[in-house]
Amino acid sequence: MGQERHALLHIYQQCDGPNWTIGEGWKQAFDEVCCGDNRMVNKSPVNRSHPETRATKGNEMKNEGNPFDVEQSSKKNPFDDESNEESKKTNPFNESRNESSTTQALSNDRRINEWVGVGLTKKGNVSELKLVSTGVSGTLPNEVGVLKHLTLLDLHNNKLLGNLPRPLGNLSSLTWLNLSGNSLTGYIPFTFGQLSSLIQLDLSNNEFEGLIPIELANAKNLQTLILANNVLAGAIPPELSKLSKLEYLNLSKNRLTGELPREFAKLSSLKEFRVNNNRIAGSIPIEYEKIKSLQTLRVENNEFTGSVPKKLRPVLGMPPEMAVKSTCQCAII
């Protein structure tokens with residue numbers, strides 16, 4: 001539990017904690033650790049700049065209830081045993097720096113449940129971290145991977161920047177991950193495929209680029225996958241058809257190309273599938289008529305040709321004539 005407390009304080013420090021709109025409990029604990037031996041943390045300035053084109057992205061998510069309405073809505077690991085001795089002496093989060101500081105930190109563990117946004121298990125382990133629209137900024141540190149008991153991580157509608165840390169893939173108990181409405185960049189970590197307990201993943205309204213990692217197909221319990229409104233490119237991985245529990249898949253407003261995977265006809269639990277506003281070509285697979293659970297299919301503003309399968313017309317999410325118009329050369333026959 002001591003390591004978890006220190007990991008939380010690392011997050012507080014690196015993500016501009018003093019400027020959060022809600023920071024009760026966090027600041028007091030941070031000050032106790034930093035000043036317990038009259039030694040302050042060397043705080044690096046946080047880059048709060050945002051690309052102008054994304055400045056209002058977080059404000060676009062007005063309806064948190066609908067996960068598909070996105071219009072509304074390689075340095076050394078600090079826990080590496082080989083870290084140099086000087087770093088151990090000056091790092092206020094190092095449990096071994098002196099006995100009195102460690103004892104004080106551990107004695108404060110019982111107060112973590114008073115920190116806004118933090119939830120604990122019955123045994124006192126950190127199980128939830130929910131800081132929504134609170135001004136969390138900067139980059140998530142690798143220390144987040146220490147929170148092994150975390151089941152919910154919700155930091156949506158904030159000002160997070162940069163790449164996601166790969167140690168997020170170590171959170172094997174995580175069931176809910178929502179980082180939408182930030183300014184995160186880079187690739188979606190392939191380590192997310194190790195999140196075997198994950199049920200919902202929402203990375204929408206960011207600036208993720210590159211391919212959709214095929215490793216996501218290993219997150220067998222995924223029911224909701226939302227990657228909308230990024231700059232993802234390439235083809236949709238047919239491997240995602242292995243997600244047999246998937247109910248909601250939103251890949252809209254990216255730069256995806258290629259064709260719709262026919263293998264998705266195997267997604268027998270799929271209720272909503274949105275790929276509108278991409279660059280997808282080819283035809284809408286007639287095999288999708290086999291998805292009896294499908295209630296909504298959004299395909300407008302792509303480069304489809306051919307015809308819309310007859311049995312899919314009722315789930316297009318719009319009148320057929322609108323679907324015809326907005327899917328370019330795709331026609332109703």
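All values reported here derive from a predicted model rather than from experimental measurement. (Residues numbered from 1 in each chain as written. Predicted model: local features only at pLDDT ≥ 70, side-chain atom pairs only at ≥ 80, totals over all residues. Heavy atoms only, no water.)

A. Local environment of the overall build of the protein. A count of helices and strands for the protein gives five helices and 19 strands. By the burial criterion, 51% of the 333 residues in the protein qualify as buried. As displayed, the protein has an accessible area near 15700 Å², and 48% of this comes from carbon and sulfur atoms. (Helix = DSSP H or I, 4+ residues; strand = E, 2+ residues; numbered from the N terminus. Buried < 20%, exposed > 50% of the residue type's maximum accessible area, 1.4 Å probe, protein only. Areas by Shrake-Rupley, 256 points an atom, 1.4 Å probe, with all protein chains shown as cover.)

B. Molecular detail of the confidence of the model for the protein. Per-residue confidence for the protein gives a mean pLDDT of 80; residues scoring 70 or more make up 71%. Ignoring residues within four places in sequence, the model shows residues 324–333, a span with pLDDT below 50, making 30 contacts including any to other chains. (pLDDT = per-residue confidence, 0-100. Contact = heavy atoms within 4.5 Å.)

C. Geometry of the nonpolar core. With 73 residues, the main nonpolar core has Phe192 and Phe273 as its most contacted residues. Listing elements by their share of this core, those giving two or more residues are α1 (2–14), α2 (26–35) and β2 (126–130). In terms of residues, this core owes the most to one element, α1, which gives five residues. Those residues in contact with Phe192 that lie beyond four places of it in its chain are Leu164, Leu168, Leu177, Leu201, Leu203, Leu216 and Ala219. (Core = buried A, V, L, I, M, F, W, Y, C linked by side-chain atoms within 4.5 Å.)

D. Representation of the pattern of salt bridges within the structure. Evaluation of the coordinates by the stated rule reveals four salt bridges. Where Arg262 meets Glu287, a salt bridge forms, and the shortest distance between an N and an O atom there is 2.9 Å. Separated by 25 residues along the polypeptide, Arg262 in the loop between β13 (255–257) and β14 (272–274) and Glu287 in the loop between β15 (281–282) and β16 (296–298) bring together distant segments of the chain. Here Arg274 makes a salt bridge to Glu272, at a shortest N to O gap of 3.4 Å. In this structure, Arg274 and Glu272 share a single accessibility class: buried. (Salt bridge = Lys/Arg side-chain N within 4 Å of Asp/Glu carboxyl O.)

E. Inspection of the packing of aromatic side chains at higher detail. The final tally for this structure, using the stated rule, is seven aromatic pairs. Ring geometry for Trp20 against Trp26: centres 5.1 Å apart, planes inclined by 75°, an arrangement best described as edge-to-face. Trp20 gets classed as buried once you look at its relative accessible area, which sits at 7%. Judged by its relative accessible area of 0%, Trp26 falls in the buried class. Among the aromatic side chains, those forming a connected cluster through ring pairs are Tyr12, Trp20, Trp26, Phe30 and Trp115. (Phe/Tyr/Trp six-rings, centres within 6.5 Å; stacked < 30°, edge-to-face > 60°.)

F. Local environment of the pairing of strand β5 (residues 159–162). Pairing between strand β3 (residues 137–138) and β5: two bridges, direction parallel. Each bridged residue has a counterpart across the sheet, and for Gly138 the counterpart in β5 is Leu160. Relative to strand β7 (residues 183–184), β5 runs parallel, the two sharing two bridges. The residue of β7 that forms the bridge with Leu161 is Ser183. (Pairing = 2+ DSSP bridges.)

G. View of the sheet that holds strand β11 (residues 231–235). Read from one edge of the open sheet, three strands run β9-β11-β13, paired in parallel fashion. For this open sheet the edge positions go to β9 (209–210) and β13, each flanked by a neighbour on one side alone.

H. Quick peek at α1. Taking 1.5 Å of rise per residue, 13 residues should cover 18 Å, and α1 covers 19 Å from first to last C-alpha, within 8% of that figure. Every buried residue of α1 is accounted for by Gly2, Glu4, Arg5, His6, Ala7, Leu8, Leu9, His10, Ile11 and Tyr12. Looking at the residues trailing α1, positive phi occurs at Asp16, about 60°. (Expected span 1.5 Å × (residues − 1).)

I. Quick look at the sheet that holds β3. Taken together, the three strands give an open sheet; going across it, the order is β3-β5-β7, and neighbouring strands pair in parallel fashion. Single-partner strands in this sheet number two, and they are β3 and β7.

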